[in-house]
Amino acid sequence: MKQQNNALETQTLNLYYGSTQALIDVDIQIPKNKVTALIGPSGCGKSTLLRCFNRMNDLIPDCSLSGSILYHGEEITGRSTDVVELRKRIGMVFQQPNPFPKSIYENVIYGPKVHGMKDRKELDAIAEKSLKGAAIWEEVKDRLHDAARGLSGGQQQRLCIARTLSVDPDIILMDEPCSALDPIATAKIENLITELKEEYTVVIVTHNMQQAARVSDYTGFMYMGRLIEFDTTSVIFERPKEELTENYITGRFG
Ligand SMILES: Nc1ncnc2c1ncn2[C@@H]1O[C@H](COP(=O)(O)OP(=O)(O)OP(=O)(O)O)[C@@H](O)[C@H]1O
């Protein structure tokens, strides 16, 4: 079997909200165990593309698409795709930390419990592993049964990352994960993203170009629904090939 180095790939992906086209002929390849950033001005389609990868756009009425989306080489746009399983493998972290109104512990083991795990020892082990993986274990290990919403915003976001890790994903999609956080909490999440790529593939949408430059290995620049340029982050930021990319990263628009 051909070695598959891309975790995700789209081919001629076109997406419509009703009659409005939000993605136009997007061909992108997201390498495994790397951090890929999607950048571009507001409304260019970054979040829409991110949501395609775990079929979150299915939840939006009137949304339709054509073209291919491949997950480790397998088509995932068809009816036969098990979307629940897909979302387990491809987790998502949102702009606003959104812990459930439950304890820290209950938040982390929520996914495994929903998927049928009952054994307390196993759940405890998953909670510890996931919280460690999200670099928040030391801060919460003595108060696992306190309310999650009592944590700071940055801690809540790391808890949400732990909740994503608890169902054993291999890809983590992040939609502006730091935009609601202060600089210290942001730095912790950025460090965490760098650690996560050892085990996971990360795709991050960000408005913050410095953040894209700091955390990502590859960057895609989008503009008006198109992927204008995709390359290593150093090429995109230091010697982009497209004038539009250069204009954007030098702050001439956006
Ligand atoms: N649920 C929706 N229904 C209809 N149109 C939508 C929906 N979500 C996004 N759009 C439209 O699709 C286009 C792309 O939006 P999207 O949110 O993907 O862009 P973005 O680059 O992530 O923007 P931002 O940086 O502002 O979050 C925009 O024109 C937007 O108005």
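Up top is the structure these notes are about.
Residues numbered from 1 in each chain as written. Predicted model: local features only at pLDDT ≥ 70, side-chain atom pairs only at ≥ 80, totals over all residues.

Draft legend 1. Examining the sheet that holds strand β4 (residues 63–71) more closely. Taken together, the four strands give an open sheet; going across it, the order is β2-β1-β4-β5, and neighbouring strands pair in antiparallel fashion. Two strands lie at the open edges of the sheet, namely β2 (20–31) and β5 (74–75), each paired on one side alone. Where strand β1 (residues 6–17) and β4 come together, eight bridges link them in antiparallel fashion. Across the sheet, Tyr17 pairs through a bridge with Cys63, a residue of β4. (Pairing = 2+ DSSP bridges. Helix = DSSP H or I, 4+ residues; strand = E, 2+ residues; numbered from the N terminus.)

Draft legend 2. Inspection of unusual backbone geometry at higher detail. At Asp25, a position not held by glycine, the phi torsion is positive, near 45°. Its place among the elements puts Asp25 in strand β2. Positive phi, close to 60°, is recorded for Arg55, a residue that is not glycine. Tracing the chain through its elements places Arg55 in the loop between α1 (46–52) and β4.

Draft legend 3. Structural view of the site of the ligand. With respect to spatial proximity, 13 residues lie near the ligand, and among them Tyr17, Ser42, Lys46, Ser47 and Thr48 are the closest. Taken together, the elements giving at least two residues each to the shell around the ligand come down to β2 and α1. It is α1 that provides the largest number of residues to the shell around the ligand, a total of three residues. Considering only residue class, the shell around the ligand consists of four nonpolar, eight polar and one charged. (Near = placed C-beta within 6 Å. Nonpolar A, V, L, I, M, F, W, Y, C, P; charged D, E, K, R; others polar.)

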